[in-house]
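One letter stands for each residue in the lines below.
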Amino acid sequence: MNTTVDTGIKRVLRFIPATLFIGVVLFSCWTAYYFSIHITDADVSSEMALGQFLADQNKIFSTDWFYSTEIRMFNSNLVYMPLFKLFDSWQTVRFASSLVLQALLAGSYYYFSRRMNMRTSAFFLSAALMLLPINIHYGRYVLYQYYYTPSYIYSFLIAGLFLSIMSHQGQKRLPQALRLGGMVLLTIASCLNGMRQFPATMLPLFLSVLIVAAKDRRGVPSVLSEIPKTKWISVAVAVLLCAVGLAALYTHNNILSRYFSVRLMDDSTISFSSADGLSSLLRSYLRLFGYMEDEALFSVGGLFSIGGATAAVVLLILSLGDIVPRKRAADPAAALMQTMYPVAMIVITLLFVLTPVSDDDYQYFFPSLVWLFPYLVVTLDSGEGGFSI
């Protein structure tokens, strides 16, 4: 009798992650509809105006448009333009674009999760968290106004292809060449959009692969000389991505900018931040997790701010400790993702330390936050040698 009851409970529990994911998807669709009808700003309006302009010209990009901060080569314009060919209503286009971008986000994360050998239940739980507006800033910049949604999609696809190449080393050359070619093309496309992708994906991936390779051989007198050849292949592929990304970024800043009208955002001179700048940097990090200034301490907003700041501090401590953990994750993909999130946050933080930062610049942390979700899966994993959520 007890065995039958236990089996029934396990069957019910097995469906909870999928049910939660479906509920979050429905909630996110409703929220996207609400945003498309009631909430907009100048940036979203400008992106949609660009989409309509491109649709009228039957182009995916144009030299006749003045771009703000970055040239939109392979960004949200790839979604807006074809939708404006189908619909005339801005509200319809905005709602449809939300559905398309969130579907692409979930789909790219699913592909990435398969390459990580993540259990389906772990995917459902972490994807549900990713699609929730966990705070007003994340909801605005990632989910409903799509500033960084394409960046997340590129990150998951590039990292997924990288893991696939690493797991198929020594196998058929043609599939490997296709994976490498796809990864290079995605790197070019993402970095031709401007600066945000390189410090969030390519550079952290290279540093994380190198750290994981050295981590495997720590305690050996000459660490680098003892790293196996297979690990060096991973490092070489990551170096290739960095080189391709830098070339595409140089093309965006120094070649395309001659033909496209654009006000570049990443031409700041290098200088160490002042004390005020470091204070802004700290507040920018806390805002990623929902911290808001000027909220009454015991109000709803104040309690959420306290919870967000606490989560930010706890994750900071845990993730920094996981760069060189006492116990290495047995799964290679898990080991890489255990390192990727803290390294990505360190890279973007150092970038801000070396350039002027203001209270309005916290949004540029969001592309690096993409690695939080697989990191949480690795951190919460209780199994040996894989994902067991």
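For clarity, every value in this text was computed on a predicted model and none was experimentally measured.

J.: Sorry if this is basic, but what is going on with the overall build of the chain here?
T.: Regarding its fold elements, the chain presents 14 helices and two strands. In the chain, which comprises 389 residues, the proportion classed as buried is 48%. In the chain, once contacts between residues fewer than 6 apart in sequence are set aside, the share between residues at least 24 apart is 73%. Of the roughly 18,800 Å² of accessible surface on the chain, a fraction of 66% belongs to carbon and sulfur atoms.

J.: Teacher, can you tell me more about the packing of aromatic side chains here?
T.: Geometrically, a pair of aromatic rings is defined through the distance of the ring centres and the angle of the planes. Tallying each qualifying case throughout the model produces 28 aromatic pairs. Measuring from ring centre to ring centre gives 5.6 Å for Phe-123 and Phe-124, while their planes differ by 50 degrees; the resulting arrangement is tilted. Using a relative accessible area of 5% as the deciding quantity, one classes Phe-123 as buried.

J.: Looking at this model, I keep getting lost on the packing of helix α4 (residues 90–115) against helix α5 (residues 120–131). Mind explaining?
T.: In contact at an axis separation of 10 Å, α4 and α5 are set at 145 degrees when each is read in the N-to-C sense. Between α4 and α5 lies a crossing of right-handed hand. Residue-level contacts link Gln-102, Leu-105, Ala-106, Tyr-109, Tyr-110, Ser-113 and Arg-114 of α4 to Thr-120, Phe-123, Ser-126, Ala-127, Met-130 and Leu-131 of α5. Tallied by class, the residues present in the contact of α4 with α5 amount to eight nonpolar, four polar and one charged.

J.: Any chance you could explain the pattern of salt bridges here in plain terms?
T.: Oppositely charged side chains can pair when the atoms bearing their charge come close. Summed over the entire model, instances satisfying the criterion amount to two salt bridges. One salt bridge in this structure joins Arg-72 and Glu-47, with 2.8 Å as the shortest N-O distance. Residue Arg-72 is found in the loop between β1 (66–69) and α3 (77–86), and its partner Glu-47 is found in helix α2 (residues 42–57); the two are separated by 25 residues along the sequence. Its relative accessible area of 10% is what places Arg-72 among the buried residues. Between Glu-70 and Arg-196 there is a salt bridge, and its shortest N-O distance comes to 2.6 Å.

J.: I tried to follow empty space enclosed by the protein on my own but got confused; where do I start?
T.: Summary: where empty space remains is shown by rolling a probe the size of a single water molecule over the atoms. Overall, the coordinates contain two cavities of 30 Å³ or more when judged by the stated rule. Looking at the largest cavity, its volume works out to about 50 Å³. As for the largest cavity, its lining consists of Asn-75, Tyr-147, Pro-150, Ser-151, Tyr-154, Ser-190, Asn-193, Arg-196 and Gln-197. A total of three residues in the lining of the largest cavity trace back to one element, the largest contributor, which is helix α7 (residues 149–167). Here the residues of the lining of the largest cavity sort into three nonpolar, five polar and one charged. In this model, the second largest cavity occupies a volume close to 40 Å³. Lining of the second largest cavity is provided by Tyr-285, Leu-316, Ser-319, Leu-320, Tyr-341, Pro-342 and Met-345. Looking at the lining of the second largest cavity, the elements that each hand over two or more residues are α12 (300–322) and α13 (332–353). Here the lining of the second largest cavity is built from residues that sort into six nonpolar, one polar and no charged.

J.: I would appreciate a short explanation of the environment of His-137 in the present structure.
T.: Within the secondary structure, His-137 sits in helix α6 (residues 136–144). When the C-alpha atoms of His-137 and Tyr-291 are compared, they prove to be 9.2 Å apart, with 154 residues separating the residues in sequence.

J.: I'm lost on a nonpolar patch on the surface in this one. Help?
T.: On the surface, Phe-27, Trp-30, Tyr-34, Ile-39, Leu-129, Leu-132 and Ile-134 cluster together into a nonpolar patch covering about 600 Å² of accessible area. Mapped onto the elements of the fold, Trp-30 is located in helix α1 (residues 2–38). Taking the relative accessible area as the measure of exposure, Trp-30 reaches 54% and is therefore exposed.

J.: I'm lost on unusual backbone geometry in this one. Help?
T.: Leaving glycine out, the prevailing phi sign among residues is negative, and the prevailing peptide bond configuration is trans. Residue Asn-58 is not a glycine yet carries a positive backbone phi of 55 degrees. As for its position among the elements, Asn-58 is in the loop between α2 and β1. For Asn-58, a relative accessible area of 56% gives the class exposed. One non-glycine residue, Tyr-146, adopts positive backbone phi at about 55 degrees. Checked against the element boundaries, Tyr-146 lands in the loop between α6 and α7.

J.: Can you walk me through the confidence of the model for the chain in this structure?
T.: The predicted structure's coordinates, where accompanied by low pLDDT, should not be read in detail. Mean pLDDT over the chain stands at 81; residues scoring 70 or higher make up 81%. Across the chain, α7 holds the top mean pLDDT of 94, while strand β2 (residues 261–264) sits lowest at 69. Segment residues 219–225 is flagged for pLDDT under 50; beyond a separation of four residues in sequence, or across chains, it makes four contacts in the model. Between residues 384–389, whose pLDDT stays under 50, and residues either more than four places distant or in other chains, the model counts 24 contacts.

J.: What is the right way to read the packing of α3 against α4 from this model?
T.: The relative placement of two packed helices is expressed as an angle between their axes plus a distance between the axes. At a closest axis distance of 10 Å, the pairing of α3 and α4 adopts a crossing angle of 135 degrees. Between α3 and α4, the angle is such that the two are oblique. As α3 packs across α4, the resulting crossing turns out to be right-handed. For the pair α3 and α4, contact is made by Val-79, Tyr-80, Leu-83 and Phe-84 and by Trp-90, Val-93, Ala-96, Ser-97, Val-100 and Leu-101, respectively. Here the residues of the contact of α3 with α4 sort into nine nonpolar, one polar and no charged.

J.: When you look at the side chain of His-252 in this model, what are you seeing that I'm missing?
T.: For His-252, the position within the fold is in helix α10 (residues 229–259). At a separation of 2.7 Å, a polar atom in the side chain of His-252 contacts the side chain of Asn-253.

Basis of the calculations
Residues numbered from 1 in each chain as written. Predicted model: local features only at pLDDT ≥ 70, side-chain atom pairs only at ≥ 80, totals over all residues. Heavy atoms only, no water. Helix = DSSP H or I, 4+ residues; strand = E, 2+ residues; numbered from the N terminus. Buried < 20%, exposed > 50% of the residue type's maximum accessible area, 1.4 Å probe, protein only. Contact = heavy atoms within 4.5 Å. Areas by Shrake-Rupley, 256 points an atom, 1.4 Å probe, with all protein chains shown as cover. Phe/Tyr/Trp six-rings, centres within 6.5 Å; stacked < 30°, edge-to-face > 60°. Axes fitted to C-alpha atoms, helices over the stretch in contact; angles between N-to-C directions. Left-handed = near helix turned anticlockwise from the far one by under 90°. Nonpolar A, V, L, I, M, F, W, Y, C, P; charged D, E, K, R; others polar. Salt bridge = Lys/Arg side-chain N within 4 Å of Asp/Glu carboxyl O. 1 Å grid on protein atoms, 1.4 Å probe; cavity = no way out; pocket = protein on both sides within 12 Å on 5 of 7 lines; lining within 4 Å. Points joined across faces, edges and corners; volume = space filled by probe spheres on them. Patch = residues over 30% accessible without salt bridge, like charges linked within 9 Å, V, L, I, M, F, W, Y side chains within 5 Å. pLDDT = per-residue confidence, 0-100. Parallel < 35°, antiparallel > 145°, perpendicular 65-115°, else oblique. Polar contact = N/O pair within 3.5 Å; in protein donor to acceptor, adjacent residues only side chain to side chain.

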